[in-house]
Amino acid sequence: MENNVNNFNAFLETVSQMMDNKDFVDLLKQKKKEQNEQNLAFTEKEIEKMPKTFRKEFRTDGCTARVYKSKFSKNTYGYVIKYRRNGYNVYAADVNLEKAKEKFIEKLKTAEKIVQATKGTPKTFNMFAMFYFEKFRKRTVTPKTYEGDINRYKKYLLPYFEEKPLLKITSLECQELIDEIVNTGKGKTADEIFSLLSVIFKNAIAHSVLQKNPMDIVIHKKHQREHGKALTKEEEIKLLQETAGTEYQLMYAIALYTGMRPNEFETAKRDGDFIIANNSKRKGGKVESKRIPITPMLKPYIKDIQEFTFYKPYTLREKFNSILPNHILYDLRTTFYSRCTECGISDVVQKLFVGHSLGELGNAYTDLSDDFLLKEGNKLKY
């Protein structure tokens, strides 16, 4: 009896020594892993059910995938099959090995379509963004909007992400970028970058490069834009008097008495009794002109001048702010809209003058004559 006890104690001591041996413990772990993980060979008949273009690659890899015996629930074990290489990422599971194989083959068919669809599509941020801009965005926005998008992209997004793989871009990185812009006081720019970044990722999803949009959980409160403030009549006089004898006067007079947006100035030209300009708020790259009559308020400044040009908006802003520091250039548009209302010009005509939509039905069926527009325009006199 004593010998048995001694032998058992010796056995325990040996086991204890072995468990203290790192190499032995690692060997045990490896053996356990090999029991739960093995190479799964598909039969030739099963391989023939796979997508044609995948078969060659699968055979090159030895016709094997990885199978894990995994615990599904308290008393249930099953098989998990994975194949992740060369652009494929396929996963299937079932308690029955043959059914797991069938599911795996079915999922391969979907994976094959995705792999083929993404061939030749850029996978890094800058390469994909430029691919999207050139192939898609350029066709859906106006040249002016496109130019602005590219400039914002180069200033904020390109230096931040460069050629980072799209799959490695995280929501946290995007959140930090948006927060950084907001913290500099550029709320409107943050809105624009948020929108631009979002649409780039949406297109990456559409091209099967990404599965989820990192921007979906980015927190961003849209910038609350301040409404324009109309100039007083005394401020109107001051602006035009202090620019008398310069080219600025006519530019400000046209802006003030037509209600054009600053980004529309460069498209403005005279056509008889009207000023014609492109409406910059039309989507989808659609070019649409608006016709604003030369009103009694504008006639003393434009006279018989048939051709004119505008300085760039930033130059006009600089001069404008030196005269009326409590206003912004866009307030000229607000002033025009306000004066039209005060002078009794009809709501529909006001919207046509400033380039607002009349709604789908209104846009389709409203076509006012030049005589009517001139008649309404003549009301702008104060």
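How each quantity is defined
- Residues numbered from 1 in each chain as written.
- Predicted model: local features only at pLDDT ≥ 70, side-chain atom pairs only at ≥ 80, totals over all residues.
- Heavy atoms only, no water.
- Helix = DSSP H or I, 4+ residues; strand = E, 2+ residues; numbered from the N terminus.
- Buried < 20%, exposed > 50% of the residue type's maximum accessible area, 1.4 Å probe, protein only.
- Contact = heavy atoms within 4.5 Å.
- Areas by Shrake-Rupley, 256 points an atom, 1.4 Å probe, with all protein chains shown as cover.
- Expected span 1.5 Å × (residues − 1).
- Phe/Tyr/Trp six-rings, centres within 6.5 Å; stacked < 30°, edge-to-face > 60°.
- Lys NZ or Arg CZ within 6 Å of the ring centre and 35° of its normal.
- pLDDT = per-residue confidence, 0-100.
- Pairing = 2+ DSSP bridges.
- Axes fitted to C-alpha atoms, helices over the stretch in contact; angles between N-to-C directions.
- Parallel < 35°, antiparallel > 145°, perpendicular 65-115°, else oblique.
- Core = buried A, V, L, I, M, F, W, Y, C linked by side-chain atoms within 4.5 Å.
- Salt bridge = Lys/Arg side-chain N within 4 Å of Asp/Glu carboxyl O.
- Disulfide = S-S within 2.5 Å.
- Left-handed = near helix turned anticlockwise from the far one by under 90°.

## Here we look at the overall build of the chain
Point 1. If you tally the helices and strands in the chain, you get 17 helices and 7 strands.
Point 2. Looking at the 382 residues of the chain, the share that counts as buried comes to 38%.
Point 3. In the chain, the share of contacts with a sequence separation of at least 24, taken over all contacts with a separation of at least 6, comes to 57%.
Point 4. Carbon and sulfur atoms make up 51% of the accessible area of the chain, which totals about 23700 Å².

## Regarding helix 14 (residues 331-342)
Point 1. In this model, helix 14 (12 residues) spans 16 Å end to end at C-alpha, consistent with the 16 Å of a helix rising 1.5 Å per residue.
Point 2. Residues of helix 14 that are buried include every one of Asp331, Leu332, Arg333, Thr334, Thr335, Phe336, Arg339 and Cys340, and no others.
Point 3. At its buried positions, helix 14 is contacted by helix 10 (233-242), helix 11 (247-256), strand 7 (289-293), helix 13 (313-323) and helix 15 (347-354).
Point 4. Gly344 sits one or two residues past helix 14 and shows a positive phi near 85°.

## Re the packing of aromatic side chains
Point 1. Taken as a whole and assessed by the stated rule, the structure comprises 15 aromatic pairs.
Point 2. Seen from their ring centres, Phe133 and Tyr153 are 5.4 Å apart, and the 75° between their planes marks the pair as edge-to-face. Taken together, the residues Phe133 in helix 6 (residues 125-135) and Tyr153 in helix 7 (residues 143-161) connect sequence positions 20 residues apart. Note on accessibility: Phe133 and Tyr153 belong to one class, buried.
Point 3. Following the ring pairs from residue to residue traces out a cluster consisting of Phe125, Tyr132, Phe133, Tyr146, Tyr153, Tyr160, Phe161 and Phe201.
Point 4. Over the ring of Phe274 we find Arg291; its NZ or CZ atom is 4.3 Å from the centre of that ring.
Point 5. The positively charged end of Lys319 is found above the aromatic ring belonging to Tyr248, 5.7 Å away from the centroid.

## Notes on the confidence of the model for the chain
Point 1. In the predicted model, the chain carries a mean pLDDT of 84, and the fraction of residues at 70 or more is 79%.
Point 2. Within the model, the stretch residues 35-39 combines pLDDT values under 50 with 12 contacts to residues more than four positions away or in other chains.

## Some remarks on the sheet that holds strand 5 (residues 269-271)
Point 1. If you trace the 3 strands from one edge of the open sheet to the other, you get 5-6-7, paired in antiparallel fashion. A single partner strand is all that each edge strand has here, and the edge strands are strand 5 and strand 7. Within the sheet, the average angular offset between the axes of one strand and its neighbour, ignoring direction, is 35°.
Point 2. Across 5 bridges, strand 6 (residues 274-278) lies against strand 7 in antiparallel orientation. Looking across to strand 7, one finds that Asn278 is bridged to Ser289.

## Thoughts on the packing of helix 11 against helix 13
Point 1. Running from amino to carboxyl end, helix 11 crosses helix 13 at an angle of 100°, the nearest separation of the two axes being 12 Å. One finds that helix 11 runs roughly perpendicular with respect to helix 13. The segment helix 11 lies against helix 13, with Tyr248, Met251 and Tyr252 engaging Thr315, Leu316, Lys319 and Phe320.

## Section: unusual backbone geometry
Point 1. For Ser208, which is not glycine, the phi dihedral falls at a positive 60°.
Point 2. For Ser208, a relative accessible area of 30% puts it in the partly exposed group.
Point 3. The phi dihedral of Lys303 falls on the positive side, at around 45°, and the residue is not glycine.
Point 4. When you line up the elements, Lys303 lands in the loop between helix 12 (299-302) and helix 13.
Point 5. Overall, the relative accessible area of 57% leaves Lys303 in the exposed class.

## Description of the nonpolar core
Point 1. Tyr252, Phe310 and Leu332 are the most contacted members of the largest nonpolar core, which totals 39 residues.
Point 2. Elements that contribute at least two residues to this core include exactly helix 10, helix 11, strand 6, helix 13, helix 14 and helix 15.
Point 3. It is helix 11 that contributes the most residues to this core, 8 residues altogether.
Point 4. Formed by 30 residues, the second largest nonpolar core is a distinct cluster that contains Phe133, Tyr153, Tyr156 and Leu196.

## Structural notes on the pattern of salt bridges
Point 1. Applying the stated criterion across every chain yields a total of 17 salt bridges.
Point 2. The residue Lys101 makes a salt bridge to Glu46 at a minimum N-O spacing of 3.1 Å. Of this pair, Lys101 sits in helix 5 (residues 97-118) while Glu46 sits in helix 3 (residues 44-48), and the two are 55 residues apart along the sequence. Comparing Lys101 with Glu46, the two get one shared label, buried.

## Here's the deal with the state of the cysteines
Point 1. Tallied over the entire structure, the rule returns 0 disulfides.
Point 2. Here Cys343 is not cross-linked by a disulfide; its sulfur's nearest cysteine counterpart is in Cys340, at 7.2 Å.

## A few points about the packing of helix 8 (residues 171-183) against helix 9 (residues 187-206)
Point 1. Two elements in contact, helix 8 and helix 9, have axes whose closest approach is 9 Å; the angle formed by their N-to-C orientations is 160°. Classed by the angle they form, the pair helix 8 and helix 9 counts as roughly antiparallel. Between helix 8 and helix 9 the crossing geometry is right-handed. From helix 8, Cys174, Leu177, Ile178, Ile181 and Val182 reach across to helix 9, where they touch Thr189, Ala190, Ile193, Phe194, Leu197 and Phe201.

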